[in-house]
Amino acid sequence: MKSISTIGLGLFLTGFAVFVLVLTVGQFRLTEEVLTAAVKPEHRAVLLERTAPMRNQNYNNQWSFIRDFKQAVYSYNDEVRAKGQADKAINDSYEFPVTRAASVGTVAENPWLWFWLSIGLATLGALLYMVPNPKYKGPGGIRSNFLYQHPATNRGWIGWLVGTFLIGFYVLLYMAPAYITNWTLLVSPISRALSGNAQASQWFLYGFLYTVVILVMGVRMLIRYRHSRYQQWRTVSVMFFQTSFAFLIPEVLALLNQPYQDLKSFWPLDYDFFFDYELNAKIQAGTFGIFMLVWGIIGTVVLVPVLTYFFGKRWYCSWVCGCGGLAETLGDPYRHLSDKSLKAWKFERPVVHGVLVFAVVMTALVLYTYFTGQSTVLGFLDSYSVRSTYGFYIGTLFSGVIGTGFYPIMGNRVWCRFGCPLAAYLGLVQRFKSRFRITTNGGQCISCGNCSAQCEMGIDVRWYAQRQQDIVRSSCVGCGICSAVCPRGVLNLETGRVDTRVI
Ligand code: SF4
Ligand code: SF4
């Protein structure tokens, strides 16, 4: 069994290495047809002229190709700005679509081969590593041996390496997708099969990898927490919602010429739900588009508070949400790294509620602009700048780069705890009007501290257990791991009349 695990680890590392190295291979050729297909009609003439020296040249790597293309655009923009004609500058970001359309090398020609050598091999290796791993065998129960000694799980060199890769991935994905063009080529055949789109976008790549990671690490969860039915069902649930609602259904909707929408992602987590282009796309899509619009509003206004009243925020954060799904699967080895200090709690509350207020104000401004046609409010607030500020700082930096990139350093729920506006909304309902609580049979507690150590939201669960108080903290996502790791059965996730909570 141990040897199968070792083979699995070897395959995983080989697949991962190929995945990284694939970015360095390939060829790129900029022809007139490529340029014509990838840029808007109004920019074609000028880009054809400016990129003339690049055309019909063979580039052997993406870096020199992107560098020359950027230079062509920047030099043109500098010239028109110097002449005081800034309105003629090209502000569209063409690097990614042009690089993708100009790819002609081995990855573009043999995407399946490279797909199986990289993503396929890494997936198979990860499964082989986990399924027969003796670490997860033996009697049910959770062993966290060497958790605080291993370099992968205790902010050691492996943790930093993984964190650096994740941060780099998110930075490229959001800010410079042209540099991951070859990765999008790997999944283009899958994109074509699902949505008819022969050239996968960086978002398709992201959705695909996100789903694969949740499925593979979900298998690990099923093995690790096999003694807990709650954990088994919860894991199956996040695997199902990610695969169907977040990944497959939106792609099929695109195939049917319907707006792309994750029907389980509600405002304010889905912060652009009320943006003009989203509203227009749904309204123009006819009956089904209107259904999506109404469903999204009902979700935020009715489903979220009602289900949270009955079940606590766990129904969403630990069973349905994609961010929660990733945190509970990929992030499980890092849950003990969350900051448990009082200082962190004092920081958490104003920050997460501040993001909620920011989302509400930003959306109010966006809707004001939508209905009045005016972008400026009170003479100084420009709704377009406010929404791009929110998109960059909250949507990109906080939820992506920091929220996931720092899993191995700051724990797996940094975004959910400090930044998610929907979690703040759910938390308010949970704290003040919910039947959910974690009951504590304190007489049985041996103060081992397993529960506090494993709480991903930084809650000092033992403190409540020792006082025999129910836990009704707004941040608790109801993951149930505190209960699963308690050797004495002290903690129970329960529902009951709101006024019977012991707080
Ligand atoms: S208190 Fe328990 S159920 Fe709540 S977030 Fe922490 S570990 Fe999960
Ligand atoms: S894990 Fe159980 S026994 Fe240990 S401190 Fe927490 S409540 Fe007490």
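Keep in mind it's a predicted model, so treat the numbers as computed, not measured.

Describing the overall build of the protein
Thinking step 1. For the protein, the helix and strand inventory stands at 24 helices and 4 strands.
Thinking step 2. The globule rule puts the C-alpha radius of gyration for 503 residues at 23 Å, and the 25 Å found for the protein is close to it.
Thinking step 3. Considering only C-alpha atoms, the protein reaches an extent of 80 × 65 × 40 Å along its principal axes.
Thinking step 4. A buried classification covers 51% of the 503 residues belonging to the protein.
Thinking step 5. Considering only contacts in the protein between residues 6 or more positions apart, those separated by 24 or more positions represent 76%.
Thinking step 6. By element, 64% of the accessible surface of the protein is carried by carbon and sulfur atoms, the whole surface being about 22,800 Å².
Thinking step 7. The protein carries 44 positive and 27 negative side-chain charges, and their two centres are separated by 14 Å.

Regarding the site of ligand 2
Thinking step 1. Around ligand 2, the structure places 14 residues, and the nearest of them are Cys445, Cys448, Gly449, Cys451 and Cys486.
Thinking step 2. Broken down by secondary-structure element, the contributors of at least two residues to the shell around ligand 2 are helix H22 (450-454) and helix H23 (461-467).
Thinking step 3. Here the residues of the shell around ligand 2 sort into 9 nonpolar, 3 polar and 2 charged.

Here's the deal with the nonpolar core
Thinking step 1. Formed by 50 residues in total, the largest nonpolar core has its most connected members in Tyr316, Ile438, Val461 and Leu491.
Thinking step 2. Sorting elements by how many residues they give to this core places helix H17 (residues 342-372) first, with 5 residues.
Thinking step 3. Not counting residues up to four positions away in its chain, the partners in contact with Leu491 are Ile438, Thr439, Thr440, Cys451, Val461, Ala465, Cys482, Ser483 and Cys486.
Thinking step 4. Counting residues in each nonpolar core, the second largest holds 40 residues, with Phe19, Leu186, Met239 and Tyr407 among its members.

Description of the packing of aromatic side chains
Thinking step 1. By the definition in use, this model includes 42 aromatic pairs.
Thinking step 2. Ring plane angle 45 degrees and centroid distance 6.3 Å describe the contact between Phe169 and Tyr206, whose orientation is recorded as tilted. Placement of Phe169 in helix H8 (residues 157-175) and of Tyr206 in helix H11 (residues 202-224) is noted, with a sequence separation of 37 residues between them.
Thinking step 3. Under the relative-accessibility criterion, Phe169 is labelled buried at 9%.

A short note on the pattern of salt bridges
Thinking step 1. The tally for this structure, following the rule as stated, stands at 16 salt bridges.
Thinking step 2. The partner of Asp332 in a salt bridge is Arg224, with the nearest N and O atoms 3.4 Å apart. Of the two residues, Asp332 is situated in the loop between helix H16 (322-329) and H17 and Arg224 in helix H11; the sequence distance between them amounts to 108 residues. The pair formed by Asp332 and Arg224 is uniform in burial state, with each residue classed as buried.
Thinking step 3. Each of Arg220, Arg224, Arg234, Glu328, Asp332, Arg335, Arg413 and Glu456 takes part in a single network of salt bridges with overlapping partners.

Overview of the domain arrangement of the protein
Thinking step 1. Here the domain parsing of the protein yields domain 1 (32-101), domain 2 (151-333), domain 3 (337-422) and domain 4 (433-500).
Thinking step 2. Just the C-alpha atoms count here: the centres of domain 1 and domain 2 sit 33 Å apart.
Thinking step 3. Taken together, the contact pairs 9 residues of domain 1 with 11 residues of domain 2.
Thinking step 4. Buried area between domain 1 and domain 2, both sides added, is near 860 Å², and the carbon and sulfur share of it is 60%.
Thinking step 5. Looking only at domain 1, the three residues that lose the most surface to domain 2 are Gln62, Phe96 and Arg100, adding up to 67% of its buried area.
Thinking step 6. There are 0 salt bridges connecting domain 1 and domain 2.
Thinking step 7. Summed over the shared surface of domain 1 and domain 2, the result is 4 residue pairs in polar contact (both at pLDDT 80 or more).

A closer look at helix H12 (residues 229-255)
Thinking step 1. Compared with an ideal rise of 1.5 Å per residue, which puts 27 residues at 39 Å, H12 spans 37 Å between its outermost C-alpha atoms and is within 8% of the ideal.
Thinking step 2. A bend of about 35 degrees at Leu248 is the largest found in H12, and the proline Pro250 appears one to four places after it.
Thinking step 3. Just downstream of H12 lies Asn257, where phi reads positive at about 60 degrees.

Topic: the side chain of Asp68
Thinking step 1. Relative to the helices and strands, Asp68 is located in helix H4 (residues 62-82).
Thinking step 2. Once residues lying within four places of it in the same chain are set aside, the contact partners of Asp68 are Met54 and Tyr59.

About the thresholds
- Residues numbered from 1 in each chain as written.
- Chains lettered and ligands numbered in written order.
- Predicted model: local features only at pLDDT ≥ 70, side-chain atom pairs only at ≥ 80, totals over all residues.
- Heavy atoms only, no water.
- Helix = DSSP H or I, 4+ residues; strand = E, 2+ residues; numbered from the N terminus.
- Rg over C-alpha atoms; globule rule 2.2 N^0.38 Å.
- Buried < 20%, exposed > 50% of the residue type's maximum accessible area, 1.4 Å probe, protein only.
- Contact = heavy atoms within 4.5 Å.
- Areas by Shrake-Rupley, 256 points an atom, 1.4 Å probe, with all protein chains shown as cover.
- Lys, Arg positive; Asp, Glu negative; His and termini not counted.
- Charge placed at Lys NZ, Arg CZ, Asp CG, Glu CD.
- Near = heavy atom within 4 Å.
- Nonpolar A, V, L, I, M, F, W, Y, C, P; charged D, E, K, R; others polar.
- Core = buried A, V, L, I, M, F, W, Y, C linked by side-chain atoms within 4.5 Å.
- Phe/Tyr/Trp six-rings, centres within 6.5 Å; stacked < 30°, edge-to-face > 60°.
- Salt bridge = Lys/Arg side-chain N within 4 Å of Asp/Glu carboxyl O.
- Domains from an automatic or database assignment.
- Buried area = accessible area lost by both parts, 1.4 Å probe.
- Polar contact = N/O pair within 3.5 Å; in protein donor to acceptor, adjacent residues only side chain to side chain.
- Expected span 1.5 Å × (residues − 1).
- Bend = angle between axes of the 7 residues up to and from the residue.

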